[in-house]
Amino acid sequence: MPFIRVLPCLLLMSSFAAYALPYSVYTDIGLNRYHDAEKTIEQSIKKPEEADASALAPLCYVYARLKRYGKLFECTDKLDLRIKAGDNKHTDSMFAPSPIEALPDTLRAVASLELGDPNDAIEKGRKAYALIRESGVGAVFPPVAFRVELLPVLAIASVMANKREDAEKYLATLLATDVPYIGGQQFRNMKDVGLAKVYLALGNHEKAHEFLKKGEHDVFSRTVVDSFIGGGGDSVSTFYNLPKYLMLGKVLLETGKLKEARETLDALIGHKRVGEQPDIYWVALTERGRLAERESDPKAADYYRRAIEVIEQQRSSINTEAAKIGFAGDKQKVYSRAIDLLFQAGRYAEAFEYIERSKSRSLVDMLAGKKDFTLAGTDSEKTKLVLARLDQADSNARLLTAAPAPDMGMEYRNLETARREIQATAPELSTLVTVSSVPTPEIQGLLADDEQLIEYYYQGDTLFIFVIDRRAVRAVKLDASGLAQLARQFSDSVGNPSSTNWPALAKTLYARLVEPVKPFISGNKLLVVAHGALHYMPFNVLMHQDGSMLIEHYTIRILPSASILKFLKPIIRQNASPILVIGNPDLGDQKLNLAFAENEAKAVAGQMPGSRLLLRKDATESNFRNAASLFSHIHFATHGKFQAESPLDSGLYLAADGENDGMLHVTELYSMQINADMVTLSACETGLGKISNGDDVVGLARGFLFAGARSVVSSLWSVDDRATSELMLAFYQNLKSNSKPEALREAQLKTLVTLPHPFFWAAFQLTGRAD
């Protein structure tokens, strides 16, 4: 960043600045002692509302370096206000005033890149670039400092956002940027290293190598290299040299200089302080694994295993490495490489566990910002306390990726202690806040004797299908080319009542997803764990070449991941128990009324004595919350909302009242205790959930399972009101003498006799327990 490059000159800074800070602040920043600088500045600014731009600028910069994003954004907002009020220069008596209009959005752009939001980084970076102002000779913030900082950020963010043409333009501008000869050495280094990062992002490794050596010739001198390999160097120099050695190892590997790459990467991952930068460490281990694969070294799987262990240390993943080294490591590819190598070695059970861990990593990332969890059967206050300690330990450990600090190892030990404590205190909750998986033999023991689990996992062009029962783990590796697109086409087709191409698509998918493992399937009960786009399609419609569908041969239930089997609570009541039925809530708009849903609600409630029916204005969120824990079955006949980009905001529409807004969000379910044997969501798109790169699903079904429901019946698309009403009545009638999956299957088979198109019957699926 521009500030750090000029700070050594500020040691002579005059105390005549508008809001004078102690000289030690600039000394600390110049020596990368950001924790000390932060403490001094905060103590010096006794009245934050009176802090001027000259005080806020270094404070914002320190927050950026420490990755205290909440404080950073608050600080830059205050700095913006000062700038708009005319306080737009960093002033002192020794140097020319420095225009700082570009500083707030420069810091925001870098933060957005680190947080994995390239589009926001581009937006903020462009805004900052347009605000760069010329200054006099000797200014603390010369315009070249902003240019050589922003242009690499804009280029790298453009690559990440699949805007390669824009990245090339920013690269050309950076190449053409003039750096003053006098006093410009630090900016020439910044420019050359920035160019190396951009070329890395663009995949031009030869040019990246050229500029990396040019910009950091001092770092790669023989003396420094020998010291580095020996584990030498103080914490400050080591902290900023580690990423550069990773860049060097990367370009040496990509340019085929394998011996040099091996030496560099081995020195890096063997350095005594590398563990203090996990964002660099796991990428280095991954690159070493790739090198081992190229050399047919059997240790490749071990390097990936170690990388995964580093990835799983933290509650949340932040892509800080992109800003440091020019490219973002793909965590899911690390899992996929480990899975592939274990598969090749015939270690299917271990490969399966890594699939489950990859799903867990994704789920933990999605829920990383949530603080309030409620879990039945646990001491809620103790759980909150342990979770708070985990969050604090995780936050402290992540700060260490930003700047060197004393006793860094202690912070990582505290994090590991907190992780183990939450796993012991609340095992199910730990699956949402720490990466974990259930051992394969334990999952096998949780399956029924007559049931088989089929789990799908694809990454790139490779598809793995695992078939697991109580006795064996079998797996096949197949081509996944075009699979996600085919699955989406199929989902769109079955969700459209006028479509005619769904049978052909169903046969194609059957041939790719079922036929290869048909020899392993011996019974007629299947537990399916999908992956990626496969979550959005109804497996029961997949069709054999003879025209028969899976639903005609198998009873199917769904799980978001196999590990959740361990936490599905046992059934505690009989199916004949009363039902809480919420139907056709008054949403204040006649167009949203569901006449058949209201009739459905009345009919369902009438099937079980003692049931409670909440309709129209009585179908409020508050009434549901008050009654939910009193019933073993809960039935919603209402509208649902699926928010793909913000899955925790998905939910069910209920009537509003003075206490609640009427929207039962997914995020609220993770703070509720429902304790029902079954929840039926007879609503639009209630079975959908956000699918991330790693895949675990965050949706209504997952939320209700965590809240205590044993099973959830939900829908994959906007369902037909009348057909749904008839299907649901048949389902509840069947429950009197069948298991839940079989009761749903029989109701769907009955419906398809009169309404054969899958649109009318195939949307509903059962997630969770079968009994």
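A short tour of the structure in this document, coming up.

Cut-offs and rules
- Residues numbered from 1 in each chain as written.
- Predicted model: local features only at pLDDT ≥ 70, side-chain atom pairs only at ≥ 80, totals over all residues.
- Heavy atoms only, no water.
- Helix = DSSP H or I, 4+ residues; strand = E, 2+ residues; numbered from the N terminus.
- Buried < 20%, exposed > 50% of the residue type's maximum accessible area, 1.4 Å probe, protein only.
- Expected span 1.5 Å × (residues − 1).
- Phe/Tyr/Trp six-rings, centres within 6.5 Å; stacked < 30°, edge-to-face > 60°.
- Pairing = 2+ DSSP bridges.
- Disulfide = S-S within 2.5 Å.
- Polar contact = N/O pair within 3.5 Å; in protein donor to acceptor, adjacent residues only side chain to side chain.
- Core = buried A, V, L, I, M, F, W, Y, C linked by side-chain atoms within 4.5 Å.
- Contact = heavy atoms within 4.5 Å.

The next point concerns unusual backbone geometry. Backbone geometry places Ser296, a non-glycine residue, at a positive phi of 55°. Take Ser296: it is sitting in the loop between α15 (278-294) and α16 (300-311). Judged by relative accessible area, which is 66%, Ser296 ranks as exposed. For Arg616, which is not glycine, the phi torsion reads 50° and is therefore positive. Structurally, Arg616 is set in strand β9 (residues 612-616).

This brings us to helix α30 (residues 721-735). The end-to-end C-alpha distance of α30 is 21 Å, a good match for the 21 Å that 15 residues give at a rise of 1.5 Å each. For α30, every residue scored as buried is listed here: Ala723, Thr724, Ser725, Leu727, Met728, Ala730, Phe731, Tyr732, Asn734 and Leu735.

Summed over all chains, the structure comprises eleven aromatic pairs. Three or more aromatic residues joined by ring pairs form one cluster here, namely Phe343, Tyr348 and Phe464.

Structurally, Gly658 is set in the loop between β12 (651-653) and β13 (663-665). Along the sequence, Gly658 and Ser622 sit 36 residues apart, while their C-alpha atoms lie 8.8 Å from each other.

Here we come to the pairing of strand β18 (residues 764-768). Where a strand is regular, its side chains alternate between the two sheet faces. With five of five residues buried, β18 lies mostly within the body of the structure. Where strand β17 (residues 711-715) lies against β18, five bridges are found, and the strand directions are antiparallel. Residue pairing in the sheet places Val713 in a bridge with Leu766 of β18.

What follows concerns the state of the cysteines. Note: disulfide means a covalent bond formed between the sulfur atoms of two cysteine side chains. Scanning the entire structure with this criterion turns up one disulfide. The disulfide that involves Cys60 links it to Cys75, with 2.1 Å between the sulfurs. A torsion of -95° about the S-S bond marks the disulfide between Cys60 and Cys75 as left-handed. Of this pair, Cys60 sits in helix α4 (residues 53-66) while Cys75 sits in helix α5 (residues 69-84), and the two are 15 residues apart along the sequence. Of the two residues examined, Cys60 and Cys75, each falls in the buried class.

Within the fold, Asp87 resides in the loop between α5 and β1 (89-90). In terms of polar contacts, Asp87 uses its side chain to reach the backbone amide nitrogen of Ala53, at 2.8 Å.

With that settled, the discussion passes to the nonpolar core. Core analysis: the largest hydrophobic core is formed by 152 residues, its most contacted members being Leu453, Phe624, Ile634, Phe636 and Phe704. If we skip the residues at most four places from it in the chain, Phe624 touches Leu580, Ile582, Leu614, Ile634, Phe636, Leu654, Leu664, Met672, Ile674 and Phe704. Tyr458, Leu509, Leu526 and Ile556 belong to the second largest nonpolar core, which has 68 residues in total.

For helix α31 (residues 740-754), with 15 residues, the first-to-last C-alpha span of 22 Å sits near the 21 Å given by 1.5 Å per residue. Taken as a whole, α31 has its buried residues at Lys740, Pro741, Glu742, Ala743, Leu744, Arg745, Ala747, Gln748, Leu749, Thr751 and Leu752. On the buried face of α31, the contacting elements are β7 (555-558), β14 (678-681), β17, α30 and β18.

With respect to topology, three strands assemble into an open sheet ordered β11-β12-β13, the strand pairing being antiparallel. At either end of the open sheet lies a strand with only one pairing partner, and these are β11 (640-641) and β13. Inspection of the sheet shows β11 paired to β12 by two bridges, in the antiparallel sense. Looking across to β12, one finds that Lys641 is bridged to Gly651.

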